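Coordinate inspection notes
What follows is each chain in one-letter form.
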Amino acid sequence: MKRIQLNIIKATDRLRGIPNKFSIENLESLFEELVQHERNGCQNAERIVENLREIAELLIWGDQHNHIFFDYFLEKQMLQHFIKVLFQARDNVICVQIIQTLSMLVANVSNELSIYYIFSGNHINNMIRHEFDFYDDEV
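Residues numbered from 1 in each chain as written. Predicted model: local features only at pLDDT ≥ 70, side-chain atom pairs only at ≥ 80, totals over all residues. Heavy atoms only, no water.

What follows deals with the overall build of the protein. Along its length, the protein carries eight helices and zero strands. From first element to last, N terminus to C terminus, the protein shows the α and β order α-α-α-α-α-α-α-α. In the protein, buried positions account for 44% of the 139 residues. The long-range share in the protein, meaning contacts at least 24 apart out of those at least 6 apart in sequence, stands at 66%. (Helix = DSSP H or I, 4+ residues; strand = E, 2+ residues; numbered from the N terminus. Buried < 20%, exposed > 50% of the residue type's maximum accessible area, 1.4 Å probe, protein only. Contact = heavy atoms within 4.5 Å.)

Printed below as a string of structure tokens:
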């Protein structure tokens, strides 16, 4: 059922002919890019930070306007990918962005099931296990 809704939204976006920042296709593209960074050892810190920031923006927008965005987030288990990127990150700026992304989601997502997902599955516990550089003021 969710896949059908997702396909309907994609088709509607294409029919409009308007490149839409707040489209499910954009979220898919950002996720695919994040997975590529993950596979390549998280070497492009600047792009990863921007990617995470944009994903957070879309998820918060989706929580307020279209639940399909968060459904996609759940379906692709994006939080697990965030944690993988965190543990691969060589640059503290990526770690800081992941903390900020999760903070923004917790502060701005209003759907109870979405909040439940963020706090379940040991995602936060896995994040806490990471050895952050607390000598960096940004962390």
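Structure shown, so let's carry the discussion forward.
Let's shift gears to the packing of helix α2 (residues 24-39) against helix α4 (residues 68-75). Contact geometry for α2 and α4: axes closest at 10 Å, N-to-C directions at 25 degrees. Our classification of the angle between α2 and α4 gives roughly parallel. When you trace α2 past α4, the crossing you get is right-handed. In this structure, α2 contributes Ile24, Leu27, Glu28 and Phe31 to the contact, and α4 contributes Ile68, Phe69 and Tyr72. (Axes fitted to C-alpha atoms, helices over the stretch in contact; angles between N-to-C directions. Parallel < 35°, antiparallel > 145°, perpendicular 65-115°, else oblique. Left-handed = near helix turned anticlockwise from the far one by under 90°.)

Turning our attention to the packing of aromatic side chains. Within the structure shown, the criterion is met by six aromatic pairs. Ring geometry for Phe73 versus Tyr117: centroids 5.9 Å apart, planes at 85 degrees, classification edge-to-face. Of this pair, Phe73 sits in helix α4 while Tyr117 sits in helix α7 (residues 112-119); the two residues are 44 residues apart in sequence, bridging distant segments of the chain. Neither Phe73 nor Tyr117 differs from the other in exposure class; each is buried. (Phe/Tyr/Trp six-rings, centres within 6.5 Å; stacked < 30°, edge-to-face > 60°.)

The subject of this paragraph is the environment of Gln64. Structurally, Gln64 is set in helix α3 (residues 45-65). Overall, the relative accessible area of 51% leaves Gln64 in the exposed class. Remark: the alpha-carbon pair of Gln64 and Asn108, spanning 44 residues in sequence, is separated by 9.2 Å.

Spanning 16 residues, α2 covers 23 Å between terminal C-alpha atoms, matching the ideal 22 Å at 1.5 Å per step. Taken together, the buried positions of α2 are occupied by Ile24, Asn26, Leu27, Glu28, Leu30, Phe31, Leu34, Val35, His37 and Glu38. Among the residues trailing α2, Gly41 stands out with phi positive, at a value near 85 degrees. (Expected span 1.5 Å × (residues − 1).)

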